[in-house]
Amino acid sequence: MIQALFDGVLVGSILSLGAIGLTLVMHILRFANFSHAELLSVGAYCALTFDAALSGIAPVLAELIGPFSMSAALALATLAAAVVTGLTAVLIDRLVFRRLRDTAGPLTMVFASFGVALIMRNLIALVFGLQTERFTDAISFATMISSDPLLLIKPDQVGILVIALAAMGALHLVLTRTTLGFALRAVAENPTLAQVNGIALPSMIRLTWIIGGGLAAVAGVLYGIDNQLSPVMGRDLVLSLFAAAIVGGLGSVTGAMLGGFIVGLASSFAILLLPAGYKPAIPFLVILATLYVRPNGLFGEAR
C-alpha cells in the first residue's frame, strides 16, 4: 500500500502538470482540446533532440547530476523544449483554432483538435520512428527506504516529484500574486468584461497557450525519465489528463493539480485489486464516478 501510494503520487504529479494547460484552454477558449496530450510528446522529443545536441557540443554537460540519471544537458534541454512547445502551441492556434474560433462552434473545434492530434502524432513518428527512446542508458537503482512495509524509491522519482511540485507552486504564485495572473483569471471569468477593462485578449490567449505548452513539455520530459519516449505517449495519456481536469473541475487550476493526484492514486491502487490490463480503464471509471457524484468537479462551478 505504501509503495502504491508513492507511485500514485509520482504519476499524479506528472498528470497534474499536463492537466493544468488543458484546463486553462478549456476555461478560457471554451473547447476541449484533445490535441493537448500530444504536446507532451512534442516537448519530450524536443528535449531529446536538444539533449543530444548539447551533449555533442559540450560533452561536460552530458555528465550525470549526482545520483540522478538527468544531466545538465537534459536540464537545459527541458527549458528549451518548454519554450519551443509553447511556441508550437501558439502556432497551432494561429493556423487552426483561431481561424475556427470566430466562425465555428465548440463541436467543430473539438473535431479539429482530433485532427491536429493525429497530425502531430504521425509527424513525430515520421521524424523519430516508431521505436521507443530513452534520454539516457544509465540505470537508476532504487533505494529501499523500508522493508516492512516495502518501499523502494529511485533518486529519479524524487527528482521528478520535486520538479513537478516546484513548477506547480511557481504557477500558483504567478496566478495569485502577479498582475499577469490576475489578468489571465479575469479573461477566464469574463473575456468581454476583461477587454472593457483594458486587458488585451489576444495576448492573454497566446500566454495561455505558452503556459499550457510549456508545462506539457515539462510533464512529457518527466514522464520520459521515469518511463520511455514513444510517439503514442500522448494518445496513452489523453484520457488520464481529461480525467484529472474533470475531477478537479473544468477551469480550476488548483482542481487540475488535485485531480491529477487523484487519478494517479486511483490508477496505482487499482493494480492491487485488478489485473494490470484493466489499468487504462481506470481514468474512464474516475470520470464516470465524478460526473455521477459531483458533475462540476471538486472546484468547478455550475454554468
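This structure is a prediction, so every number in the text was calculated from the model and none was measured. (Residues numbered from 1 in each chain as written. Predicted model: local features only at pLDDT ≥ 70, side-chain atom pairs only at ≥ 80, totals over all residues. Heavy atoms only, no water.)

S.K.: Sorry, what's going on with the overall build of the chain here?
M.R.: Within the chain, the regular secondary structure consists of 11 helices and 2 strands. Over its C-alpha atoms the chain spans a radius of gyration of 19 Å, differing by no more than 12% from the 19 Å that the globule rule assigns to 303 residues. With the C-alpha coordinates of the chain rotated into their principal frame, the extents come out at 60 × 50 × 40 Å. A total of 303 residues make up the chain; the buried ones form 48% of that total. (Helix = DSSP H or I, 4+ residues; strand = E, 2+ residues; numbered from the N terminus. Rg over C-alpha atoms; globule rule 2.2 N^0.38 Å. Buried < 20%, exposed > 50% of the residue type's maximum accessible area, 1.4 Å probe, protein only.)

S.K.: Even after reading the chapter, I still don't get the packing of helix α2 (residues 36-57) against helix α9 (residues 233-248), so can you show me in this structure?
M.R.: Describing two packed helices takes the angle between their axes plus the distance from one axis to the other. Where α2 meets α9, the closest approach of the two axes is 7 Å, and the angle between their N-to-C directions is 135 degrees. Here α2 lies oblique to α9, going by the angle between them. The handedness of the crossing between α2 and α9 is right-handed. Judged by residue contacts, His-36, Ala-37, Glu-38, Leu-40, Ser-41 and Ala-44 of α2 engage Met-233, Gly-234, Arg-235, Leu-237, Val-238 and Leu-241 from α9. Among the residues making up the contact of α2 with α9, the classes are represented as 7 nonpolar, 3 polar and 2 charged. (Axes fitted to C-alpha atoms, helices over the stretch in contact; angles between N-to-C directions. Parallel < 35°, antiparallel > 145°, perpendicular 65-115°, else oblique. Left-handed = near helix turned anticlockwise from the far one by under 90°. Contact = heavy atoms within 4.5 Å. Nonpolar A, V, L, I, M, F, W, Y, C, P; charged D, E, K, R; others polar.)

S.K.: Looking at this structure, I do not really get the pattern of salt bridges. What am I missing?
M.R.: Any two side chains of opposite charge can pair, on the condition that their charged atoms come close. One pass over the structure, following the stated rule, counts 3 salt bridges. With its nearest N and O atoms 2.9 Å apart, the salt bridge here joins Glu-38 to Arg-121. With Glu-38 in helix α2 and Arg-121 in helix α4 (residues 106-128), the pair connects residues that are 83 residues apart, well separated along the chain. This pair shows no difference in class: Glu-38 is buried, exactly as Arg-121 is. A salt bridge links Arg-235 to Asp-236; the shortest N-O distance between them is 3.2 Å. The class for Arg-235 is partly exposed, based on a relative accessible area of 45%. (Salt bridge = Lys/Arg side-chain N within 4 Å of Asp/Glu carboxyl O.)

S.K.: Is there a simple way to explain a positive patch on the surface in this structure?
M.R.: Side chains of Arg-94, Arg-98, Arg-99 and Arg-206 sit close together on the surface and give a patch of like positive charge. For the positive patch, the element with the most residues is helix α3 (residues 72-101), which contributes 3 residues. By the secondary structure assignment, Arg-94 is in helix α3. With a relative accessible area of 38%, Arg-94 lands in the partly exposed category. (Patch = residues over 30% accessible without salt bridge, like charges linked within 9 Å, V, L, I, M, F, W, Y side chains within 5 Å. Areas by Shrake-Rupley, 256 points an atom, 1.4 Å probe, with all protein chains shown as cover. Lys, Arg positive; Asp, Glu negative; His and termini not counted. Charge placed at Lys NZ, Arg CZ, Asp CG, Glu CD.)

S.K.: What should I look at first to understand helix α10 (residues 253-273) in this one?
M.R.: The α-helix advances 3.6 residues per turn, and as a result positions three or four apart in sequence lie on the same side. An ideal rise of 1.5 Å per residue puts 30 Å on 21 residues; α10 measures up with 31 Å between its terminal C-alpha atoms. Where α10 is buried, its residues contact α1 (2-29), α5 (155-177), α9 and α11 (282-293). (Expected span 1.5 Å × (residues − 1).)

S.K.: Please clarify how the environment of Pro-106 should be interpreted in this entry.
M.R.: Take Pro-106: it is sitting in helix α4. Residue classification places Pro-106 among the exposed residues on the basis of a relative accessible area of 52%. When the C-alpha atoms of Pro-106 and Ala-32 are compared, they prove to be 8.0 Å apart, with 74 residues separating the residues in sequence. If sequence neighbours within four positions are ignored, Pro-106 has contacts with Arg-30 and Phe-31.

S.K.: Help me understand the environment of Leu-40, please; the structure alone is not making it clear to me.
M.R.: Residue position: Leu-40 is located in helix α2. Judged by relative accessible area, which is 1%, Leu-40 ranks as buried.

S.K.: Would you explain the confidence of the model for the chain in this entry?
M.R.: One rule of thumb: low pLDDT means the predicted coordinates there are not for detailed reading. In the predicted model, the chain carries a mean pLDDT of 86, and the fraction of residues at 70 or more is 96%. Taken element by element, the predicted model of the chain shows its lowest mean pLDDT in strand β1 (residues 143-147) (69) and its highest in α2 (93). (pLDDT = per-residue confidence, 0-100.)

S.K.: How should the nonpolar core be read in this particular structure?
M.R.: One recurring pattern in soluble globular proteins: nonpolar side chains tend to sit buried together. One finds Leu-17, Ile-20, Phe-97, Phe-135, Trp-209, Leu-222 and Ile-225 to be the most contacted residues of the largest nonpolar core, which totals 83 residues. Among the elements that take part in this core, helix α8 (residues 201-226) stands out by supplying 14 residues, more than any other. For Ile-225, the contacting residues outside a window of four places in its chain are Ser-69, Met-70, Leu-74, Arg-134, Phe-135, Asp-156 and Ile-160. (Core = buried A, V, L, I, M, F, W, Y, C linked by side-chain atoms within 4.5 Å.)

S.K.: How should the packing of α5 against helix α6 (residues 179-189) be read in this particular structure?
M.R.: Where α5 contacts α6, the axes come no closer than 5 Å and their chain directions differ by 80 degrees. In this view, α5 runs roughly perpendicular relative to α6, as classed from their interaxial angle. Across from Val-174, Leu-175, Thr-176 and Arg-177 in α5, the residues of α6 making contact are Thr-179, Gly-181, Phe-182, Leu-184 and Arg-185. Broken down by class, the residue content of the contact of α5 with α6 amounts to 4 nonpolar, 3 polar and 2 charged.

S.K.: Mind showing me how you'd approach the packing of aromatic side chains here?
M.R.: Aromatic ring pairs: the centre-centre distance and the angle between the two ring planes describe each pair. What the rule picks out here adds up to 5 aromatic pairs. In this structure an aromatic cluster arises from ring pairing among Phe-31, Phe-97 and Trp-209. (Phe/Tyr/Trp six-rings, centres within 6.5 Å; stacked < 30°, edge-to-face > 60°.)

S.K.: Looking at this structure, how should I read the side chain of Ser-13?
M.R.: With respect to the helices and strands, Ser-13 occurs in helix α1. Here the side chain of Ser-13 touches Leu-10 through a polar contact of 2.6 Å, landing on its backbone oxygen. The residues contacting Ser-13, other than those within four sequence positions of it, are Leu-161, Ala-164, Met-168 and Phe-261. (Polar contact = N/O pair within 3.5 Å; in protein donor to acceptor, adjacent residues only side chain to side chain.)

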